[in-house]
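Letter by letter, the chains look like this.
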Amino acid sequence: MSKSSKNFELIKLDKHKPTFAEIVLVFTFAAVMGYFVETGYVFLSVGKIVKRGMLTGPYCPIYGFGALILYYCFYDMKPTKGKIPIIFGVASLLLGSFELLCGLGFKHVLNIEMWNYSGKFLNILNYTTVPILIGWGLLGTFYVFFIHPVILKFIDLVPKKFMNKIAIIIVCVFLCDFLISTNRINIHPEILTDLVNPQDII
């Protein structure tokens, strides 16, 4: 096999499975970055900075879970140019399906509607659309190639003996935030309306 052809393969990077601390830290980094992606998107759409996500803190868990999905798909592989279509397809299908399932779950199990794409072009059951699937594919591919390696480098800077302690603290913060935020939404359900329709609060 020629040297050039090897550059277009998925090369094994690290055979160890993600640890508990790595999972929590990857989730946290991605959730925080996702919050700023959401905030930036809404700002470009409606011209105003709007608080995103149902939680009090500056993070959107759906992006954290999306990052973990990609982490488990590619944790022991180095993405190369020849595999871009595969990574794009996996990201589109899995992340788009995850968004759809979350939307349906929130609506039909918790009676909470965090987003709704009814009336949008090529919408799928009102909780995702074909263009959004493509967007997830592009975002997921960019994440795998450029963002995830940077996150892992930051994680490597964390002293190993403190990683589990930091991870436990982060999990406790998320759980407390979830309980507090859920109670706040039960008291003020109009918060969800603002999240689904940010243009209405300008």
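Everything that follows concerns the structure shown earlier in this document.
Residues numbered from 1 in each chain as written. Predicted model: local features only at pLDDT ≥ 70, side-chain atom pairs only at ≥ 80, totals over all residues. Heavy atoms only, no water.

Our focus in this paragraph is helix α2 (residues 20-46). Quick reminder: α-helices carry 3.6 residues per turn. Residues three or four places apart thus point the same way. If you check α2, its first and last C-alpha atoms are 39 Å apart, about what 27 residues at 1.5 Å a residue would give, namely 39 Å. A positive backbone phi angle near 75 degrees is found at Gly-47, which sits one or two residues after α2. (Helix = DSSP H or I, 4+ residues; strand = E, 2+ residues; numbered from the N terminus. Expected span 1.5 Å × (residues − 1).)

What follows covers the pattern of salt bridges. Taken as a whole and assessed by the stated rule, the structure comprises one salt bridge. The partner of Asp-156 in a salt bridge is Lys-160, and the shortest N-O contact between them spans 3.8 Å. Lys-160 carries the same exposure label as Asp-156, and that label is exposed. (Salt bridge = Lys/Arg side-chain N within 4 Å of Asp/Glu carboxyl O. Buried < 20%, exposed > 50% of the residue type's maximum accessible area, 1.4 Å probe, protein only.)

A rise of 1.5 Å per residue sets the reference length of helix α3 (residues 61-74), with its 14 residues, at 20 Å; its end C-alpha atoms lie 20 Å apart and thus fit the reference within 8%. Among the residues of α3, those classed as buried are Tyr-63, Gly-64, Gly-66, Ala-67, Leu-68, Leu-70, Tyr-71 and Phe-74. Buried residues along α3 sit against α2, β2 (77-78), α4 (84-108) and α5 (130-157). (Contact = heavy atoms within 4.5 Å.)

This part is about the packing of α3 against α4. Interaxial distance between α3 and α4 falls to 10 Å at its minimum, and their mutual angle equals 140 degrees. Classified by the interaxial angle, the pair formed by α3 and α4 is oblique. Pair α3 / α4 crosses with right-handed handedness. Along its contact with α3, which presents Ile-62, Phe-65, Gly-66, Ile-69, Leu-70, Cys-73 and Phe-74, the element α4 presents Ile-87, Val-90, Ala-91, Leu-94, Leu-95, Phe-98 and Glu-99. Looking at side-chain class alone, the contact of α3 with α4 contains 12 nonpolar, one polar and one charged residues. (Axes fitted to C-alpha atoms, helices over the stretch in contact; angles between N-to-C directions. Parallel < 35°, antiparallel > 145°, perpendicular 65-115°, else oblique. Left-handed = near helix turned anticlockwise from the far one by under 90°. Nonpolar A, V, L, I, M, F, W, Y, C, P; charged D, E, K, R; others polar.)

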